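So the chains spell out like this:
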Amino acid sequence: MSRDSKPTPTPETAEEPREIERWMYQFTAQLAHDMRAPMGAIFMWAHVLRASENGDLGAAIDAIETSARQQSRMLGDLVDMARAVVGRLPLDRGAVDLRLLAQAAVDEKAKDASVRRVVVDAPRDPPSAGALVIRADPKRVQQALACVIIHAIATTPAGGRVELRLSRQGDQAEVRVRMPVGGLAAEAVADLFTPYRAVGLDLTSARPDFGMGLSFARSVARLHGGSLEVENEGPAAPFTLVFRLPLVPNS
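Predicted model, so just to flag it, every value in this text is computed and none were measured.

Rules behind the numbers
Chains are numbered independently. Their residues run from 1 in the order of the written sequence. Note on the predicted model: pLDDT of at least 70 is required for a residue's local features to be given, and 80 or more for side-chain atom pairs to be given and counted; whole-chain, interface and lining totals, by contrast, use all residues. With hydrogens and water set aside, each side-chain value is computed from the structure's full complement of heavy atoms. Here the nonpolar core consists of buried residues drawn from Ala, Val, Leu, Ile, Met, Phe, Trp, Tyr and Cys, with membership extended through side-chain atoms lying within 4.5 Å. Each residue is placed in one exposure class: buried if its accessible area under a 1.4 Å probe, protein chains only, is under 20% of its type's maximum, exposed if it is over 50%, and partly exposed if it falls in between. Secondary structure elements follow DSSP: runs of H or I of four or more residues count as helices, runs of E of two or more count as strands, with numbering from the N terminus. In this analysis, two residues are considered to be in contact whenever any of their non-hydrogen atoms come within 4.5 Å of each other. For salt bridges, the criterion is a side-chain nitrogen of Lys or Arg within 4 Å of an Asp or Glu carboxyl oxygen. Here, axes are lines fitted to C-alpha atoms. For helices the fit covers the stretch in contact, and angles between N-to-C directions go from 0 to 180 degrees. Crossing handedness is defined as follows: a turn of the near helix away from the far one that is anticlockwise and smaller than a right angle gives a left-handed crossing, while the clockwise case is right-handed. Just so you know the grouping, Ala, Val, Leu, Ile, Met, Phe, Trp, Tyr, Cys and Pro go in nonpolar, Asp, Glu, Lys and Arg go in charged, and all remaining residues, Gly too, go in polar. Small angles under 35 degrees read as roughly parallel and large ones over 145 as roughly antiparallel, with 65 to 115 read as roughly perpendicular and the rest as oblique. Here a polar contact is taken to be a pair of N or O atoms separated by no more than 3.5 Å, where protein atoms must pair a possible hydrogen donor with a possible acceptor and residues adjacent in sequence count only if both atoms sit in side chains. Each residue carries a pLDDT value, the predictor's own confidence for that position, ranging from 0 to 100.

Details of the nonpolar core
In step 1: Formed by 47 residues in total, the largest nonpolar core has its most connected members in Leu98, Ile134, Val141, Leu145, Leu228 and Phe243.
In step 2: A total of 10 residues in this core trace back to one element, the largest contributor, which is helix H5 (residues 138–154).
In step 3: Ignoring anything within four residues of it in the chain, the contact list for leucine 228 reads Val148, Phe193, Leu214, Ala217, Arg218, Ala221, Leu241, Val242 and Phe243.

See below:
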């Protein structure tokens, strides 16, 4: 074989670029879909503003500002998630009780749970309970936990219950989020952490985390020296997302 000749691709190596290409098309299509809603609202209210003399002026301006803020927030979240996945997310670390961040994440997603008629069973520990002190960026860890919780809410049928438990396991703090839905096939576990590849993905509905939520959460955990894993008991049993971070020594 000459130095200029190229090896003949095998079926496996030929399939890999096609899979990446399919994923990129899927990601681009979903991103365009998610961004279309706030942009459409801006155009609609701009039209109302142009056609109205003064009656809807205040409502139009408020709607435009709300949609613009929503789009700006979506773009900011997308940048954060991309930085986390490649390990370049800036972190402002400090000592913080993981219990407080978990409670804040549950509160943040309470409206989503109510809309979907899902109960998030997350006990609120009194201040006297044993603290789970970690050294972390509280904003990023709360973001990551919120991503785990919203995934659980989104995949739980109406009327279902998501269980969230915190505990100390050796030198780590652990957050366990258990979903009542049936477990996953082995090949589907990896897809949980691949953007827009999660089981049951609906490309017709907007996703506030751009389909990158669990990938972002796992990246944040790893940047803090922790992990996000799946405990899967098989296709017929519920499965659990387990978020772990190292505790501050002697805390």
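Here we look at the side chain of serine 227
In step 1: Tracing the backbone through its elements, the reader meets serine 227 in strand E6 (residues 227–232).
In step 2: Residue class for serine 227 comes out buried when judged on its relative accessible area of 16%.
In step 3: Excluding residues that lie within four positions of it along the chain, serine 227 makes contacts with Ala221, Val242, Phe243 and Arg244.

With respect to the pattern of salt bridges
In step 1: With the rule as written, the count across this model stands at 10 salt bridges.
In step 2: In this structure, the salt-bridge partner of aspartate 97 is arginine 99, at a minimum N-O distance of 2.7 Å.
In step 3: Look at arginine 99 and you get buried, because its relative accessible area is 8%.
In step 4: Its salt-bridge partner being arginine 244, residue glutamate 229 comes within 2.9 Å of it at the nearest N-O pair. With glutamate 229 in strand E6 and arginine 244 in strand E7 (residues 239–246), the pair connects residues that are 15 residues apart, well separated along the chain.
In step 5: Among the ionic contacts, a cluster of salt bridges with common partners joins Glu174, Arg176, Glu229, Glu231 and Arg244.

Some details on the packing of H5 against helix H7 (residues 213–223)
In step 1: Running from N to C, H5 and H7 point in directions that differ by 145°, and their axes come no closer than 8 Å. Where H5 crosses over H7, the two elements pack in a sense that is left-handed. On the side of H5, the interface is formed by Arg140, Val141, Gln143, Ala144, Cys147, Val148 and His151, while H7 contributes Gly213, Leu214, Phe216, Ala217 and Val220.
In step 2: Residues that form the contact of H5 with H7 fall into these classes: eight nonpolar, three polar and one charged.

Re unusual backbone geometry
In step 1: Located in the positive-phi region is arginine 117, a residue other than glycine, with phi close to 55°.
In step 2: With respect to the helices, strands and loops of the structure, arginine 117 is situated in the loop between helix H4 (110–115) and strand E2 (119–121).

What to know about the packing of helix H3 (residues 98–108) against H5
In step 1: Between H3 and H5, whose axes approach to 8 Å, the crossing angle comes to 50°. Put simply, H3 runs oblique to H5. In terms of crossing hand, the pair formed by H3 and H5 is right-handed. Note on element contacts: H5 touches H3 through Pro138, Val141, Gln142, Leu145, Ala146 and Ile149, opposite Leu98, Leu101, Ala102, Ala104, Ala105, Val106 and Glu108.
In step 2: Tallied by class, the residues present in the contact of H3 with H5 amount to 11 nonpolar, one polar and one charged.

A short note on the side chain of arginine 140
In step 1: In this structure, arginine 140 sits in helix H5.
In step 2: A distance of 3.0 Å separates a polar atom in the side chain of arginine 140 from a polar atom in the side chain of glutamine 143.
In step 3: Not counting residues up to four positions away in its chain, the partners in contact with arginine 140 are Asp80, Leu89, Pro90, Leu91, Phe216 and Val220.

Here's the deal with the environment of aspartate 107
In step 1: With respect to the helices and strands, the residue aspartate 107 is situated in helix H3.
In step 2: Spatially, the C-alpha atoms of aspartate 107 and valine 120 are 9.8 Å apart, while their sequence positions differ by 13 residues.
In step 3: Within polar-contact distance, the side chain of aspartate 107 engages the side chain of arginine 124 at 2.2 Å.

Brief notes about the confidence of the model for the protein
In step 1: Taken as a whole, the protein shows an average pLDDT of 77; of its residues, 71% reach a score of 70 or greater.
In step 2: Of the regions scoring below 50 in pLDDT, residues 1–14 engages in one contact with residues more than four places distant in sequence or in other chains.
In step 3: Across residues 198–208 the pLDDT falls below 50, and counting only partners more than four positions away or on other chains, this stretch makes 21 contacts in the model.

What about the environment of alanine 105?
In step 1: Note on placement: alanine 105 falls in helix H3.
In step 2: When the C-alpha atoms of alanine 105 and leucine 145 are compared, they prove to be 6.1 Å apart, with 40 residues separating the residues in sequence.
In step 3: Setting aside residues up to four positions removed in sequence, alanine 105 forms contacts with Gln142, Leu145, Ala146 and Ile149.

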